Amino acid sequence: MSNLTRRKLFTAGLAATAGASGLAVAVRLADRYGLIPPDHRGLYGAGETLTYASQRLLTRHSLAREFPRSQISKAPFANGTPPKNEDYNRLRAGSFVDWRVDVGGMVAHPASFSLAELRSFPARSQITHLACEEGWSFIAEWTGVPLSHVLSAVGALPQARYVVYFSIQKGWWDSVDMADALHPQTLLTYGMNGGELPVGHGGPVRLRVPRQLGYKNVKYVTRLTVTDSMKGFGKGLGSAPPEGGYAWYAGM
Ligand SMILES: Nc1nc2c(c(=O)[nH]1)N[C@H]1C(S)=C(S)[C@@H](COP(=O)(O)O)O[C@H]1N2
Ligand SMILES: [Mo]
């Protein structure tokens with residue numbers, strides 16, 4: 001993606017005013033650099049899509065706001081209930097020592113990390129806002145390993161365009177593009193407010209993507225897949241929310 005300049009995209013976009021074929025070129029160019037959301041609406045929505053592509057290009061290094069410790073919410077709201085399945089209950093009864101996060105797909109060295117291994121990686125803590133699309137939000141300190149570190153440990157291949165992440169909880173999975181996957185604030189978290197990540201907030205492992213809305217922050221993560229295409233994952237729209245009318249990209 002670093003090879004695509006704003007000028008190149010903009011020039012291709014201008015060429016688009018010459019006709020639909022120019023537009024197709026601009027869209028294809030943006031697509032090649034992973035700047036088209038998997039739930040895009042085809043050429044019909046191309047104007048919107050190119051606006052999205054330039055916005056992603058412009059903001060890929062920007063940071064979510066971090067807050068002082070005094071702003072941490074006293075009573076953070078845990079949305080939903082923990083997984084009800086057998087596997088989760090068994091792992092929880094064993095204090096999650098057998099929890100694994102499997103990382104595979106387009107990587108040189110697929111791996112399966114225990115919590116202890118994730119904790120042995122360089123850690124980062126950040127005090128950020130988690131906002132639900134339903135209107136409520138809270139601020140907490142999150143601790144974990146940057147996803148970028150995990151991706152380099154397994155040797156994510158250069159063709160990679162998305163990282164898909166799956167919960168042990170049925171129906172919960174999502175994906176981010178490489179700009180968000182490699183972003184320094186995107187963490188595989190195992191800690192919150194100085195302690196372990198509580199079960200209500202996704203313990204033992206949750207992906208925090210603080211530049212996007214709550215629903216992208218999938219709890220109880222057990223598996224990551226690196227891919228160059230979202231085809232074959234659900235309906236191919238990048239996650240479950242677009243299947244129900246929400247956007248795949250939920251930047252805030
Ligand atoms: N596995 C799983 N992940 C999930 C959810 C869920 O129900 N299950 N809810 C999502 C939604 S809609 C929001 S707003 C946040 C809520 O995070 P919280 O429970 O820490 O407040 O988690 C997201 N991740
Ligand atoms: Mo939400």
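What counts and how
- Residues numbered from 1 in each chain as written.
- Chains lettered and ligands numbered in written order.
- Predicted model: local features only at pLDDT ≥ 70, side-chain atom pairs only at ≥ 80, totals over all residues.
- Heavy atoms only, no water.
- Near = heavy atom within 4 Å.
- Polar contact = N/O pair within 3.5 Å; in protein donor to acceptor, adjacent residues only side chain to side chain.
- Areas by Shrake-Rupley, 256 points an atom, 1.4 Å probe, with all protein chains shown as cover.
- Nonpolar A, V, L, I, M, F, W, Y, C, P; charged D, E, K, R; others polar.
- Salt bridge = Lys/Arg side-chain N within 4 Å of Asp/Glu carboxyl O.
- Helix = DSSP H or I, 4+ residues; strand = E, 2+ residues; numbered from the N terminus.
- Buried < 20%, exposed > 50% of the residue type's maximum accessible area, 1.4 Å probe, protein only.
- Phe/Tyr/Trp six-rings, centres within 6.5 Å; stacked < 30°, edge-to-face > 60°.
- Lys NZ or Arg CZ within 6 Å of the ring centre and 35° of its normal.
- Domains from an automatic or database assignment.
- Contact = heavy atoms within 4.5 Å.
- Buried area = accessible area lost by both parts, 1.4 Å probe.
- Core = buried A, V, L, I, M, F, W, Y, C linked by side-chain atoms within 4.5 Å.

This paragraph deals with the site of ligand 1. In the vicinity of ligand 1 lie 20 residues, with Phe77, Asn79, Gln169, His201 and Lys219 positioned nearest. Separating an oxygen atom of ligand 1 from a backbone N or O atom of Asn79 is a distance of 2.8 Å. In the model, a nitrogen atom of ligand 1 is placed 3.3 Å from a nitrogen or oxygen of the Trp172 side chain. If ligand 1 stood free it would expose 530 Å²; the protein chains cover 95% of that surface. By residue class, the composition of the shell around ligand 1 is 10 nonpolar, seven polar and three charged.

On to the pattern of salt bridges, then. In total, this model carries eight salt bridges according to the counting rule given. With its nearest N and O atoms 2.7 Å apart, the salt bridge here joins Arg69 to Glu141. Of this pair, Arg69 sits in the loop between helix 3 (46–59) and helix 4 (86–93) while Glu141 sits in strand 4 (residues 137–146), and the two are 72 residues apart along the sequence. The exposure class assigned to Arg69 is exposed, which follows from its relative accessible area of 56%. A salt bridge links Asp180 to Arg211; its shortest N-O distance comes to 2.8 Å. Of this pair, Asp180 sits in helix 7 (residues 178–181) while Arg211 is found in the loop between strand 9 (206–208) and strand 10 (221–227), placing the two residues 31 residues apart along the sequence. Like Asp180, the residue Arg211 is buried in the burial classification. Several salt bridges converge on common partners, so that one network encompasses Arg56, Asp177, Asp180 and Arg211.

All chains considered together, the criterion is met by 12 aromatic pairs. When the centroid spacing of 5.6 Å and the interplanar angle of 50 degrees are considered together, the rings of Tyr88 and Phe96 count as tilted. The pair Tyr88 / Phe96 is uniform in exposure class, with both members buried. Aromatic side chains Phe96 and Trp99 sit 5.6 Å apart centroid to centroid with 85 degrees between the ring planes, which places their arrangement in the edge-to-face category. Its relative accessible area of 1% is what places Trp99 among the buried residues. Taken together, the ring pairs in this structure connect Tyr88, Phe96, Trp99 and Tyr220 into an aromatic cluster. Over the face of the ring belonging to Phe166 we find Arg223, whose NZ or CZ atom lies 3.9 Å from the ring centre.

By the assigned domains, the protein chain splits into domain 1 (3–59) and domain 2 (69–244). Using only C-alpha atoms to locate each centre, domain 1 and domain 2 end up separated by 29 Å. Facing eight residues of domain 1, the contacting portion of domain 2 comprises 11 residues. Both sides of the domain 1 and domain 2 interface together cover about 740 Å² of buried area, and 38% of this is carbon and sulfur. Linking domain 1 with domain 2 are three salt bridges. Of the charged contacts in the structure, one is a salt bridge between Asp31 and Arg161, with a shortest N-O distance of 3.0 Å. At the boundary of domain 1 with domain 2, the tally comes to five residue pairs in polar contact (both at pLDDT 80 or more). Among the elements that take part in the side of domain 1 that touches domain 2, helix 3 stands out by supplying three residues, more than any other. Of the residues contributing to the side of domain 1 that touches domain 2, the split by class is three nonpolar, two polar and three charged.

Formed by 35 residues in total, the largest nonpolar core has its most connected members in Trp99, Leu118, Val163, Leu188 and Leu224. Listed by contribution, the elements that provide at least two residues to this core are helix 4, strand 1 (100–105), helix 5 (115–120), helix 6 (147–154), strand 5 (162–167), helix 7, strand 7 (187–192) and strand 10. The dominant element in this core, judged by the number of residues it contributes, is helix 6, at four residues. Setting aside its immediate chain neighbours within four residues, Leu224 contacts Val101, Asp102, Val103, Gly104, Leu147, Val150, Val163, Val164, Tyr165 and Leu188. Core analysis: the second largest hydrophobic core is formed by 12 residues, Ala26, Leu35, Ala46 and Ala53 among them.

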